[in-house]
Amino acid sequence: MKFFIDTANLAQIKEAQDMGVLDGVTTNPSLMAKEGIKGQNNILKHYVDICNIVTGDVSAEVISTDFDGMVKEGEALAELHERIVVKIPMIKDGVKAIKYFTEKGIKTNCTLVFSAGQALLAAKAGATYMSPFIGRLDDVSTDGLRLIEDIRLIYDNYGFETQILAASVRHPMHIIECARIGADVITAPLSAISALLKHPLTDSGLAQFLADAKK
């Protein structure tokens, strides 16, 4: 399973990269705003800065909601760097844009997916990645992990090559369960990825080893 970090913070991206487990990055306008990145030129430069840190795919999101606008933005984003993946919302014109980019050989990430039907459309259009938001489903008393299970079954039934990119991952158990189910990718904040390191028996065992070494 691939590990993507969901942030626009360069320090956190570098920390995850240095840990040796990072496979890519996902971003969105909200994450850019959180880091104080404003203005189109600054946003585009920031995407390039991210690509220069990591060795995997970097999802960059369009903000247009019509086909022509998404195509224009997506083509500009794809030209920024070879690692850029154009992130497209799961709407009618978005599916059309994914099909267009697929035929042009441009990688895409279909975002804001909340149902198996939407995931099926993304795969039919040829999306490289498809992002179901499991944490947001949990927030409205819907089982986000069950959706991952359903999509995995459907994709395996028909041999779809679209990768399931579990998004809105909130904590380490989300990551573990996604790995158990068979998600191809998870994208999570650094805190959730780093939490996989923690176990009280590791801490107590290391403390004992160090104490014994001093003797």
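Predicted model, so just to flag it, every value in this text is computed and none were measured.

Asker: An account of the pairing of strand β8 (residues 185–188) is requested, with residue identities and associated values reported.
Answerer: Alternating positions in β8 separate into two faces, Val 185 and Thr 187 on one and Ile 186 and Ala 188 on the other, with burial throughout. Sheet topology note: the strand β1 (residues 2–6)/β8 ladder contains four bridges and is parallel. Paired with Phe 4 across the strands is Thr 187, a residue of β8. Note that strand β7 (residues 163–166) and β8 share two bridges and pair parallel. Paired with Leu 165 across the two strands is Val 185, which belongs to β8. Regarding topology, helix α9 (residues 172–181) serves as the crossover connection from β7 to the parallel β8, and that connection is right-handed.

Asker: Any details on the nonpolar core? Residues and values, ideally.
Answerer: By size, the foremost hydrophobic cluster in this structure holds 56 residues, and its most contacted members are Val 25, Ile 88, Met 130, Ile 175 and Ile 186. When residues of this core are assigned to their parent elements, the largest contribution, five residues, is made by helix α8 (residues 144–158). Excluding its chain neighbours within four sequence positions, the residues that come into contact with Met 130 are Asn 109, Cys 110, Val 113, Ala 119, Ala 122, Ile 151, Tyr 155, Thr 162, Gln 163, Ile 164 and Leu 165. Membership of the second largest hydrophobic core comes to five residues, among which are Phe 4, Val 85, Tyr 129 and Leu 165.

Asker: Talk me through the environment of Lys 92; I want residue IDs and the actual numbers.
Answerer: Within the secondary structure layout, Lys 92 lies in helix α5 (residues 92–104). Under the relative-accessibility criterion, Lys 92 is labelled exposed at 70%. It is 8.7 Å that separates the C-alpha atoms of Lys 92 and Phe 67, two residues lying 25 residues apart in sequence.

Rules of the game
Residues numbered from 1 in each chain as written. Predicted model: local features only at pLDDT ≥ 70, side-chain atom pairs only at ≥ 80, totals over all residues. Heavy atoms only, no water. Buried < 20%, exposed > 50% of the residue type's maximum accessible area, 1.4 Å probe, protein only. Helix = DSSP H or I, 4+ residues; strand = E, 2+ residues; numbered from the N terminus. Pairing = 2+ DSSP bridges. Right-handed = clockwise from strand over helix to strand, strands pointing away. Core = buried A, V, L, I, M, F, W, Y, C linked by side-chain atoms within 4.5 Å. Contact = heavy atoms within 4.5 Å.

Treat this as a map of the structure, not an account of what it does.
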